[in-house]
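Structure at a glance
Residues per chain are reported as follows:
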Amino acid sequence: MKPTNIADPEYFHKVVDCQYACPAHTPVPHYIRLISAGRYSDAYMVNWESNVFPGVLGRTCDRPCEPACRRDRVEDKPVAICRLKRVAADNKDDAEVLARMPEIPTQKNGRKIALIGAGPASLTVARDLMPLGYDIDLYDDQPEAGGFMLSQIPAFRLPIEVLRQEVNYILDMGVITTLDTYVDSLKKVLDVGYDAVFIGTGAPRGRDLKIPGREEADNNVHIGIDWLSSVAFEHTEKIGKKVIVLGGGNTAMDCCRTSLRLGADTVKVVVRSPKVDMKASAWEIEDAEREGVPMLENHTPKEFVVENDKLVGMKFELVRAEYDENGRRSLIPTGEPDAYIECDDVCIAIGQDNALPWIERDIGVEFGKWDLPVLNNKTFQSTHPKVFFGGDAALGPDNVITAVAHGHQAAISIHLMCEGEDVEQARPAPTTNLVSQKMGIHEWSYDSPIAHDERFAVPHEAVETTLTNRKIEVELGFDPQTAVAEAQRCLNCDMQTVFTAEKCIECDACEDICPTDSITFTQNQDDETALRQSLKAPANNTEQDLYLADGLKTGRVMVKDEDVCLHCGLCAERCPTSAWDMQKYLYQVTKATPIVAYE
Amino acid sequence: MTFIKSTFRHPELPTNELGFTRQYYEGVLSTLCAGCGHDSISAAIVMAAFEANIEPHKVAKLSGIGCSSKTPAYFLVNSHGFNTVHGRMPSVATGANMANRDLQYIGISGDGDTASIGMGQFVHATRRNLNILYIVENNGCYGLTKGQDSATADRGSHSKKGAPSPYEGIDLCALALQLGATFVARSFSGDKHQLIPLIKAALKHKGFAFIDVISPCVTFNNNPGSTKGYEHVRDHLAATNTIDFVPERKELTTEYAEGSTQQVTLHDGSVMALHKVDKNYDVSNKSAVSMSLLDYSERGEILTGLLYHDEESQDLHQSLGTTDVPLNTLKESDLCPGGDALNKLNQGLR
Ligand SMILES: Cc1cc2nc3c(=O)[nH]c(=O)nc-3n(C[C@H](O)[C@H](O)[C@H](O)COP(=O)(O)OP(=O)(O)OC[C@H]3O[C@@H](n4cnc5c(N)ncnc54)[C@H](O)[C@@H]3O)c2cc1C
Ligand SMILES: Cc1ncc(C[n+]2csc(CCOP(=O)(O)OP(=O)(O)O)c2C)c(N)n1
Ligand code: SF4
Ligand code: SF4
Ligand code: SF4
Ligand SMILES: [Mg+2]
């Protein structure tokens, strides 16, 4: 196997599992240490820099970082990364954060950008371009900016004040908003003479279910996302006593929990598939179940049953799942009699689609598979050089953090284009910084010892209380003491083990001390698979790299399996020659705007 | 300094036949200097005991005084242990062994502990062929008392702060051989590949199994000019053989080329397959082994591997015809068989 090139910025980045998994590459361990130190505003700004909505995301993020967390591999539960982010947001000093917002030039740069849709993708573009002197017009068809964060995510998961504060950090930079306005023609927008147009209109069309009885039952059948937004904007205030929610995703979870708060007595989530295949995040399912919502699996909707012009129930065919050798599922009817469930109302939450009927198909914006725009997946530029996409409108329904990541990249593209640079070739590399953390012979700048500590559960408001009012937040967040204890579980994966072969005298001390047998001095082999099996402990997780260094006197190589390294620093402490050093790696995605948050 | 070693271990650590992982054979966190050869030897003992399916509660670790003699704390934390006064480990080991023949004895000593203050003790334990694995962690100096030359320092070798040693260094392997040790080996702390199988074999040997392990003292004796530093040792190693250890009950499956491999059977039926570097070297020929040791040492080379083995070894219990069971299992009726038995005995002596 070839020696590892640790100068490649992605090598150590990948070792920071959470940061690597985060679409916006938020430097997680860095802000977790700031929280431990009680530096909440600093922790907030580190987040804000990367993900723009720390308060929102600290409550609602899809958390791709958590299943990636190293703690999950060495113990059994990841660090509660998302909940720690909220601690930073809840405890920050608002005045200090305001004071640290980037300055907006009074002398504008003369370029005008239109952003269509006021969701997280567009707002991120605004956040990155305003400090550079752009004039920005933001259009949305809703009465207030925020996109789906406002209209879809229910207030019991995301209090409106938290959202408003973070949306306003951006709007207050001087964004010109045109709300309550549906944009019905891209051509018209382009004709205004904008230097660039960013489309962040999301995936606002909820799927319907065309089965017998649908039309007759229409008064009591609701498209999930439309219904949630009409609740959010207070057009809908109640629902029937018995509610069925169709679908197994997060929208279904929000629909069922919202129904409980609008007066339903019994709410059932009914899914076609087995429960294990439900798309909703495990914690959302848990929260719904805690509130008393059962999940009925293997029920395929067959008919809306209407009596005297009123919906009275639904019929379902019972199925079981079978999987072929490729894991593909088919639902086979069991032949049992159909199930009948009484209901007054039904919410259909079985998916959403993009809806871009307002984009003329003859102005240079090409569309491809599933009617999604054809894009360069790095630059987010469409086939029309001035038109960019991001968020759910770009690649289909996903989540807030992905929309933010797209926004940052699209902002770079727009800026490069306006500067007359090549949008793809001139993109800036990430900035990286690798610094020794040695403070003394055996002292590190960070808390290196690792203990067994179980994940702390976030406290919840009592169910009886929260069900009375849809605006009462369910999760209460960690108090500072619990936050510090949870923060201690972080393994500081950004504290890299950096090896210098010329210094090594091959005493094996590091190999001997390593608690997780991550280091082996051995003969090199051409075949990585064979090498992985020949190490002190088998390196079976091929998603994690081997760090290989040659140049040792005996001709052996040093191989470190990054998989379960605890970043405990014992190898570096045991090394008599400092051939190992613990060095903090800070990887930052370069943004259009200069960075404000790090010292 | 970190005094905590995480208790997390690799989630896929293998288990041995007893169902234990390596972790069960570890000790407390070492306080020796970073890079000390002694720590590597502890790690090799952990590996060997794990691989040899040793039951830790059936092991007694004994040692004297010195950095080396501290190391029994750093391995087999679930075994018995006795830390004697300086140089007195062999007599305590002898007593323990006589009292309880069912335990497996591991003696850990240093070159100072063995070749200076404990020389008289070492000599007699060896010639009695006490059933013990006796390891000298040989760094050519008194590490614990700040690096004075020990009696194994080679003539002309000098430590970090010292003058060249004016005396001949004692070759403990040559001495052990001459005194009747029945298993004699030398190895290097930086070569676990060789050391681990040697320890496994020595644990199975019945009789005095002596391993002299060159173990650099990084702090006081790892300088250019020292013949016990990492660099010098690596440059002057000469192996007689490398070893495959095949435990009892396992079939010897590999075919070894005639002449270059010598098979050595241990008393429990385990086999050591020695891949010989020098075809003519015969580990059962005592006088030839003696000659080789001299030869290599005159050339300034360090001969390692299994140097000598006596398949006919008779340990001290056999020589003395002691009782077959540990003394603590003897009942009053065994110890005081009564007047009749005494009379019989007296009659026999008349
Ligand atoms: C019920 C539900 C719950 C969710 N919960 C979470 C969660 O907990 N965590 C998470 O990370 N993600 C969640 N999501 C997904 C998340 O909300 C979206 O992925 C994200 O908001 C997408 O951001 P965006 O910027 O692409 O667009 P959006 O947030 O969708 O914003 C687009 C905006 O553009 C407006 N618009 C559309 N077309 C036009 C037009 N022609 N003219 C003017 N305005 C227009 C829309 O009305 C909307 O306000 C949830 C989604 C739903 C449906
Ligand atoms: C009776 C007695 N004399 C002297 C000492 C001081 N002393 C402690 S350790 C030591 C030498 C140890 O050398 P060695 O056995 O080689 O161990 P190392 O530290 O080198 O591993 C001496 C002389 C002592 N502890 N007790
Ligand atoms: S930091 Fe070093 S000693 Fe600690 S787990 Fe990682 S490789 Fe092992
Ligand atoms: S502890 Fe240091 S000198 Fe010793 S083998 Fe490891 S890296 Fe090399
Ligand atoms: S003084 Fe020498 S022998 Fe003692 S611990 Fe340090 S390196 Fe090892
Ligand atoms: Mg010594």
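Keep in mind the model is a prediction, meaning the values are calculated, not measured.

Parameters and conventions
- Residues numbered from 1 in each chain as written.
- Chains lettered and ligands numbered in written order.
- Predicted model: local features only at pLDDT ≥ 70, side-chain atom pairs only at ≥ 80, totals over all residues.
- Heavy atoms only, no water.
- Donors = N, O, S within 2.8 Å, 3.2 Å for Na, K, Ca; no water.
- Buried < 20%, exposed > 50% of the residue type's maximum accessible area, 1.4 Å probe, protein only.
- Contact = heavy atoms within 4.5 Å.
- Salt bridge = Lys/Arg side-chain N within 4 Å of Asp/Glu carboxyl O.
- Polar contact = N/O pair within 3.5 Å; in protein donor to acceptor, adjacent residues only side chain to side chain.
- Nonpolar A, V, L, I, M, F, W, Y, C, P; charged D, E, K, R; others polar.
- Helix = DSSP H or I, 4+ residues; strand = E, 2+ residues; numbered from the N terminus.
- Near = heavy atom within 4 Å.
- Core = buried A, V, L, I, M, F, W, Y, C linked by side-chain atoms within 4.5 Å.
- Pairing = 2+ DSSP bridges.
- Axes fitted to C-alpha atoms, helices over the stretch in contact; angles between N-to-C directions.

**Focus: the coordination of the magnesium ion (ligand 6)**
Residue and element names in this part refer to chain B. At 2.1 to 2.2 Å from the magnesium ion (ligand 6) lie its protein donor atoms, namely Asp-111 (OD), Asn-139 (OD1) and Cys-141 (O). The sequence motif formed by the donor residues of the magnesium ion (ligand 6) is D-x27-N-x1-C. Residue class for Cys-141 comes out buried when judged on its relative accessible area of 2%.

**Overview of the interface of chain B and chain A**
On the side of chain A, 35 residues touch chain B, which itself brings 27 residues to the contact. Counting across the interface, chain B meets chain A through five salt bridges. Linking chain B to chain A there are 14 residue pairs in polar contact (both at pLDDT 80 or more). In terms of residue class, the side of chain B that touches chain A is made up of ten nonpolar, nine polar and eight charged.

**Observations concerning the pattern of salt bridges**
Residue and element names in this part refer to chain A. If you walk through the whole model with that rule in mind, you get 64 salt bridges over all chains. Taking the shortest distance from any N to any O, the salt bridge between Asp-17 and Arg-70 comes out at 3.0 Å. Note that Asp-17 is positioned in helix H2 (residues 17–21) and Arg-70 in helix H7 (residues 70–74), a separation of 53 residues in sequence. Comparing Asp-17 with Arg-70, the two get one shared label, buried. Residue Asp-137 pairs with Lys-112 through a salt bridge whose shortest N-O separation is 3.8 Å. Remark: Lys-112 occurs in strand E1 (residues 112–116) and Asp-137 occurs in strand E2 (residues 135–139); sequence separation between them is 25 residues. A residue is classified by how much of its surface remains accessible, and Lys-112, at 37% relative accessible area, is partly exposed. What you see here is one network of salt bridges that share partners, running through Arg-257, Arg-261, Asp-287, Arg-290 and Glu-291.

**Side note on the site of ligand 4**
Ligand 4 sits among 14 residues. The nearest are Cys-504, Cys-507, Asp-508, Cys-510 and Cys-575 of chain A. The residue inventory of the shell around ligand 4, partitioned by class, reads eleven nonpolar, one polar and two charged.

**With respect to the nonpolar core**
With 76 residues, the main nonpolar core has Phe-53, Leu-186 and Ile-199 of chain A as its most contacted residues. Once you skip the residues sitting within four places of it in the chain, Ile-199 of chain A turns out to touch Ile-116, Leu-186, Leu-356, Trp-358, Ile-359, Val-387, Phe-388, Phe-389, Gly-390 and Ala-393 of chain A. Among the nonpolar cores identified, the runner-up in size contains 71 residues, and Ile-54, Leu-130, Cys-173 and Tyr-281 of chain B belong to it.

**Some words on the sheet that holds strand E10 (residues 241–246) of chain B**
Residue and element names in this part refer to chain B. Strands sit in the order E10-E12-E11 across an open sheet of three strands; the sheet is antiparallel. If you trace the sheet from one side to the other, it starts and ends with E10 and strand E11 (261–265), each paired once. On average, each strand axis in the sheet is tilted by 20 degrees relative to the strand beside it, whichever way the strands run. Alignment of E11 against strand E12 (residues 271–276), held across five bridges, turns out to be antiparallel.

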